[in-house]
Amino acid sequence: MVFNYTKRLYDLEKTIRRTVRLLCIVYTLQEYVVNIVITKGKSMEPSILSGDVLITEKLSAHFFQNKLKKGDIVNFIKPGSEMILIKRITGTPNESIITNISSFGYSNKNCILKKFNSVPPGHLWMEGDNRDISIDSRIFGPVPMALLKGRSIAIIWPLSRRKFL
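Residues numbered from 1 in each chain as written. Predicted model: local features only at pLDDT ≥ 70, side-chain atom pairs only at ≥ 80, totals over all residues. Heavy atoms only, no water.

**Here we look at the confidence of the model for the chain**
Phase 1 of the analysis: Residues of the chain with pLDDT of at least 70 account for 90%, and the chain-wide mean is 88.
Phase 2 of the analysis: Taken element by element, the chain is modelled with least confidence in strand β6 (residues 114-118), mean pLDDT 80, and with most confidence in strand β8 (residues 143-144), mean pLDDT 96. (pLDDT = per-residue confidence, 0-100. Helix = DSSP H or I, 4+ residues; strand = E, 2+ residues; numbered from the N terminus.)

**Let's talk about the side chain of glutamate 127**
Phase 1 of the analysis: Mapped onto the secondary structure, glutamate 127 falls in strand β7 (residues 123-127).
Phase 2 of the analysis: Accessibility expressed as a relative area gives 6% for glutamate 127, which makes it buried.
Phase 3 of the analysis: Looking at glutamate 127, its side chain comes within polar contact range of the side chain of arginine 131, at 2.5 Å.
Phase 4 of the analysis: With residues near it in sequence (within four places) discarded, glutamate 127 still touches Met44, Lys87, Arg88, Thr90, Ile97, Thr99, Ser134, Asp136 and Arg138. (Buried < 20%, exposed > 50% of the residue type's maximum accessible area, 1.4 Å probe, protein only. Polar contact = N/O pair within 3.5 Å; in protein donor to acceptor, adjacent residues only side chain to side chain. Contact = heavy atoms within 4.5 Å.)

**A word on a nonpolar patch on the surface**
Phase 1 of the analysis: Together, Tyr5, Leu9, Leu12, Ile16 and Val20 line one region of the surface with nonpolar side chains, adding up to about 500 Å² of accessible area.
Phase 2 of the analysis: By the secondary structure assignment, leucine 9 is in helix α1 (residues 2-32). (Patch = residues over 30% accessible without salt bridge, like charges linked within 9 Å, V, L, I, M, F, W, Y side chains within 5 Å. Areas by Shrake-Rupley, 256 points an atom, 1.4 Å probe, with all protein chains shown as cover. Salt bridge = Lys/Arg side-chain N within 4 Å of Asp/Glu carboxyl O.)

Right, dumping it as structure tokens:
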């Protein structure tokens, strides 16, 4: 009886250690390497729909910012807010951007007003694919790279929309 009790305690201790190790690995991966994001809103339609589930990798945002390029879809903290947005990079540091503007700051296909913007070093210009409703760099300006959270690499749900971005 005593031997069986000791063996059970040993097995329980081993299971607890394995579980703690696994949780540490999962936490580290989620915090520093990859993340799963559920989207909300229509600003990235038709590329990304509201409710799509994305995998984002965080290494580019923290260690390889110079590898980010126009066309990459990234998530970042909106300047002056705690809201996390998902937008496409349309301008890189030291680039000039020309945007159409309307009286509300949104793009308008029939608008003749143009605004010239310069992207300072250490910043990116972000715009949503659905420019008529997107709140993006045309409203709040260039985004400091320090506010980047990750780069979206794939839509994983719904299954009918699975694809790499």
